[in-house]
Amino acid sequence: YAMAQDRLFQLDYLRRKGLGRLSEILGKEGLESDLLARTLDFPNIAVEEEKTLPKEVAQLLQAFSKGINAVIDLGRSFLPIEFDLLDYEPDPWSPIDSLAIQVEFEWYLTGRFPVIVIPELAKRHLSSEALYHAFLQGEADDESILPPGSYSSQSKGFSSTIASGGWPDKGEGSNNWVVSGSRTQRGKPLLASDPHIAFAAVSCWYEIHLRSPSLNVTGTTYVGIPAVMIGRNERVAWGITNNICSQRDLYQEKTHPNHPGCFLYDGNWEPARKRKEEIRVKEASTLIHQVHQSRNGPIVNAILPPLARDTGPVSLRWLGVEGSGFLPALQRMNRATKVDDFRQAMKGWKIPTWSLVFADVDGDIGYQSTGQIPARKIPERGYRPGWDPAHQWEGLIPFEGMPCLKNPDRGWIATANNRPAPDDYPYPLSGTWSSGYRARRVRQMIEEKTQLSREDLVTMQQDALSLRAQDCLPWLLKILEGREQGREAALSALRHWNGRMEVDSVGASIFEIFFTHWCRVVAQERFPEPLVGLVSGAIAGLASQLLREDRVGWFHHYSQQDAITNALDSALIELSNKQGLDITSWTWGQVHKVHLRHVLSGRGDLERLLDRGGQPVKGNGITVCNTGYDPNWGAPMGANYRLIADLSDSALGLWAVDAQGQSGHPGSSHYCDQLTEWLGARYHYLPLKPSYASTQGLAKLTLQLDKPSNN
């Protein structure tokens, strides 16, 4: 009921996204999202998921639905403004709607088509294996969650994976870490978590405190899902990140004119399965979408990145169609009483793959890589041959085989979308992990102090030091020696820069925009221009390496020195065009700003009514203070929710801040009202003890059930 009061339009928007029904209210601009949902059959996956729910979870979803429907029924005469703007009313809510939101969220976390498409396109255009493997290299990829020696490396008979780097992102990801009491000032564990997701006018997170005779838990959940996703109860606190292990594959399918409507598998031509999806489109004709399916899954060319849609029939196999166990696990986690219970609560959770850190009031800390990962015989970063049985999944890595830790000797655990374990881990984790720089920086900050406080964790979450810049800058400046003419002021700014992506830094702007141009220059050496924009987003590992040396002869149009000089000159031209000729005005905060945009803000002038933000913000996509990056140098996504738990806290609470706010109503004083606090690192407190919690409220709403009638 409370969530629907605050977020009714967002709830309806997200369920329509999960059910593939956005076009009914948005018209043709909703088609791309609807084609994805219908091609992958999100609605049916949600239906099948409901059939597997334990009785108590199914009852909970029914109760949750009744609460939302009560708000809909009571408020039809004063619905949120978005319903008036789009001229429709919300349908009644059902458990399937929440599960459709969950399925779409699982896809968002695990789908990531470009991670496969880009290596496939690279393989087709690069002339040698050496160039291809150079392209795939990651950044700081040796920074693993499990330290070497903390697990048995005895082989289980699976092949090790190939290069893991090159995750194309704009700042997606998360950080979390937990520190044992031996390393804290108050002798109990400290835990921090900050999931990274798109900034928007309405947060995807919803803060809650739930208390009943069997439950007392606070934190945040994803809108539409009735369980605390990140938070703490009276005895256990936890945080999440995406561990970026692969739960899907794309398969190149083989067809033949002599076998129409069939796909080849193991020497036989198998008939395709077909289904018809009808997508109603506002102010347009209904779209009839034919979905063809091989044994591997639906043909997905229509929803691939545009440059990959003509690569022949491509099918998707995604673990999400096999059920998730996600919501039941969250419900068990919310009630866990100690680290061991919390870890066991995750058993049966299949998708998404997450890295969770957790701690209890007894002083234990732990880590679990949860979800399950398909085991493959043959490592492959691009498309797999759909006709070859050797490329089929052999099964799933069992829960007991997933990376985990409890009370490590070093007294801390940290994850930041980096690799869970080194290459000698006994199971193939099939990862395309993000840059390890954030995880490395977290490790550095933990190890800088012997005793940490809650305030130290705030400082860590706000840290904007770019380890990429620290690694690359000396090489860049060395290569540009003797080429200072016309670049004196820019090179001086770089020489005097401390590597921190602060809003008042000129060096930060010059380096960040140079590095983006540098990635384009590197891509242009080996790829045709139509692919450069796509490929350059996944080439940072190689680009960093090429500032030091060219091991594989990547450059053949320009020399390394000329290529670097050209990239710098392009960056300086862009900065002068956008910011003027006065280099002192080229501060990072002038080009890197956070905008909170509403999903309807692109319609006419609605952004003036619905959007907020526009303030300078520090950080970038690879700093612990993650604020992402986009082609216009804005901050489209990042650490939009931050949470810190101190297990010594007498009120059993946690500290948190959201970049947006709790209300989804543009006319509310709580619409985007936390942005100023988020920018200033001012966290609010969420206590669990009733005596503290009762003092926090500004108003109180009591819901009363109608007495059942005699009938």
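Above this note sits the structure.
Scope of this entry: the structure provided in the associated data block. (Residues numbered from 1 in each chain as written. Predicted model: local features only at pLDDT ≥ 70, side-chain atom pairs only at ≥ 80, totals over all residues. Heavy atoms only, no water.)

Section: the overall build of the protein
When you go through the protein residue by residue, the secondary structure sums to 23 helices and 25 strands. Compactness check: the protein gives a C-alpha radius of gyration of 25 Å against a globular reference of 27 Å for 711 residues, within 12% of the reference. With the C-alpha coordinates aligned to their principal axes, the bounding extent of the protein is approximately 90 × 70 × 60 Å. Scored against the burial criterion, the 711 residues of the protein give a buried share of 60%. (Helix = DSSP H or I, 4+ residues; strand = E, 2+ residues; numbered from the N terminus. Rg over C-alpha atoms; globule rule 2.2 N^0.38 Å. Buried < 20%, exposed > 50% of the residue type's maximum accessible area, 1.4 Å probe, protein only.)

Looking at the packing of aromatic side chains
Taken as a whole and judged by the stated rule, the model has 23 aromatic pairs. Considering the side-chain rings of phenylalanine 326 and tryptophan 354, the 5.4 Å spacing of their centres and the 90° angle between planes classify their relative orientation as edge-to-face. You can see phenylalanine 326 sitting in helix 10 (residues 326-334) and its partner tryptophan 354 sitting in strand 13 (residues 354-360), a full 28 residues away along the chain. Neither residue differs from the other here; phenylalanine 326 and tryptophan 354 are each classed as buried. (Phe/Tyr/Trp six-rings, centres within 6.5 Å; stacked < 30°, edge-to-face > 60°.)

With respect to the sheet that holds strand 12 (residues 314-318)
One open sheet accounts for three strands, arranged 12-7-16; its pairing is mixed. Single-partner strands in this sheet number two, and they are strand 12 and strand 16 (384-385). With five bridges connecting them, strand 7 (residues 248-252) and strand 12 associate as antiparallel partners. Along strand 12, the bridge assignment pairs tyrosine 251 with serine 315. Strands in contact with helix 7 (residues 95-110) are strand 7 and strand 12; relative to strand 12, the strand with the most contacts, it is inclined by about 110°. (Pairing = 2+ DSSP bridges. Contact = heavy atoms within 4.5 Å. Axes fitted to C-alpha atoms, helices over the stretch in contact; angles between N-to-C directions.)

Some details on a nonpolar patch on the surface
A cluster of nonpolar side chains, namely Ile81, Leu85 and Leu609, defines an oily patch on the protein surface of about 220 Å² accessible area. When you line up the elements, leucine 85 lands in helix 6 (residues 81-86). For leucine 85, a relative accessible area of 37% gives the class partly exposed. (Patch = residues over 30% accessible without salt bridge, like charges linked within 9 Å, V, L, I, M, F, W, Y side chains within 5 Å. Areas by Shrake-Rupley, 256 points an atom, 1.4 Å probe, with all protein chains shown as cover. Salt bridge = Lys/Arg side-chain N within 4 Å of Asp/Glu carboxyl O.)

Remarks on the pattern of salt bridges
Evaluated as defined, the whole model comprises 42 salt bridges. The partner of aspartate 463 in a salt bridge is arginine 441, and the shortest N-O contact between them spans 2.9 Å. Note that aspartate 463 is positioned in the loop between helix 13 (454-461) and helix 14 (467-479) and arginine 441 in helix 12 (residues 437-447), a separation of 22 residues in sequence. Here aspartate 463 matches arginine 441 in class, with each residue buried.

Describing the environment of leucine 546
Counting through the fold element by element, leucine 546 comes out in helix 18 (residues 540-548). Given the relative accessible area of 1%, leucine 546 is considered buried. Sequence spacing of leucine 546 and alanine 134 is 412 residues, and the spatial spacing of their C-alpha atoms is 10.0 Å.

Details of empty space enclosed by the protein
For the coordinates displayed, the defined rule picks out three cavities of 30 Å³ or more. One number sums up the size of the second largest cavity: a volume of about 60 Å³. Glu143, Ser144, Ile145, Arg410, Trp412, Ala414, Asn418, Ala439 and Arg443 together form the lining of the second largest cavity. Going through the elements one at a time, strand 19 (412-415) and helix 12 are the ones with two or more residues in the lining of the second largest cavity. Partitioning the lining of the second largest cavity into residue classes produces four nonpolar, two polar and three charged. (1 Å grid on protein atoms, 1.4 Å probe; cavity = no way out; pocket = protein on both sides within 12 Å on 5 of 7 lines; lining within 4 Å. Points joined across faces, edges and corners; volume = space filled by probe spheres on them. Nonpolar A, V, L, I, M, F, W, Y, C, P; charged D, E, K, R; others polar.)

Overview of the sheet that holds strand 14 (residues 365-370)
Pairing is antiparallel across the open sheet formed by seven strands, whose spatial order is 3-4-5-6-13-14-18. Where the open sheet ends on each side, the last strands, each with one partner, are strand 3 (205-212) and strand 18 (404-406). Between one strand axis and the next, the sheet turns by 15° as a mean value, whatever way the strands run. Packing against the sheet, helix 1 (residues 2-19) makes contact with strand 3 and strand 4 (215-222), and its axis sits at approximately 135° to strand 3.

Comments concerning the packing of helix 16 (residues 506-524) against helix 17 (residues 529-536)
One way to put it is that helix 16 packs onto helix 17 with a least axis distance of 9 Å and a crossing angle of 135°. Considering the angle they form, helix 16 stands oblique to helix 17. The hand of the helix 16/helix 17 crossing is right-handed. Residues Cys519, Arg520, Ala523 and Gln524 of helix 16 lie in contact with helix 17, whose contacting residues are Glu529, Val532, Gly533, Val535 and Ser536. The class makeup of the residues in the contact of helix 16 with helix 17 is four nonpolar, three polar and two charged. (Parallel < 35°, antiparallel > 145°, perpendicular 65-115°, else oblique. Left-handed = near helix turned anticlockwise from the far one by under 90°.)

Focus on the pairing of strand 24 (residues 654-658)
Across the five residues that make up strand 24, a large majority, five, are buried. In strand 24, alternate side chains face the same way, and those of Leu654, Ala656 and Asp658 on one face and Trp655 and Val657 on the other are all buried. When strand 23 (residues 641-646) meets strand 24, the two strands line up antiparallel, connected through five bridges. Considered in strand 24, the bridge of arginine 642 is made with valine 657. Bridging between strand 24 and strand 25 (residues 684-686) involves three bridges; their strand directions are antiparallel. Among the inter-strand pairings, tryptophan 655 is bridged to a residue of strand 25, identified as tyrosine 685.

Details of helix 10
For an α-helix, 3.6 residues make a turn, and residues three or four places apart therefore share a direction. The buried fraction of helix 10 amounts to eight of the nine residues, a majority that puts the element mostly inside the structure. For helix 10, the set of buried residues is Phe326, Leu327, Pro328, Ala329, Leu330, Gln331, Met333 and Asn334.

Overview of the pairing of strand 20 (residues 593-596)
Here strand 20 shows a clear split, with Val594 and Leu596 buried on one side and none of Lys593 and His595 buried on the other. Note: strand 20 against strand 21 (residues 612-616), four bridges, orientation antiparallel. For histidine 595, the partnering residue across the bridge sits in strand 21 and is glycine 613.

Comments concerning the state of the cysteines
The final tally for this structure, using the stated rule, is zero disulfides. The cysteine cysteine 519 is free of any disulfide, with cysteine 472 supplying the nearest cysteine sulfur at 9.2 Å. (Disulfide = S-S within 2.5 Å.)

Description of unusual backbone geometry
Of note, the bond from isoleucine 351 into proline 352 is cis; its omega dihedral lies within 30 degrees of zero at 5°. With respect to the element layout, proline 352 can be found in the loop between helix 11 (339-345) and strand 13. At aspartate 266, a residue that is not glycine, the phi angle is positive and equals roughly 50°. Here aspartate 266 shows up in the loop between strand 8 (262-265) and strand 9 (268-271). Looking at aspartate 266, the relative accessible area reads 48%, which means it is partly exposed.

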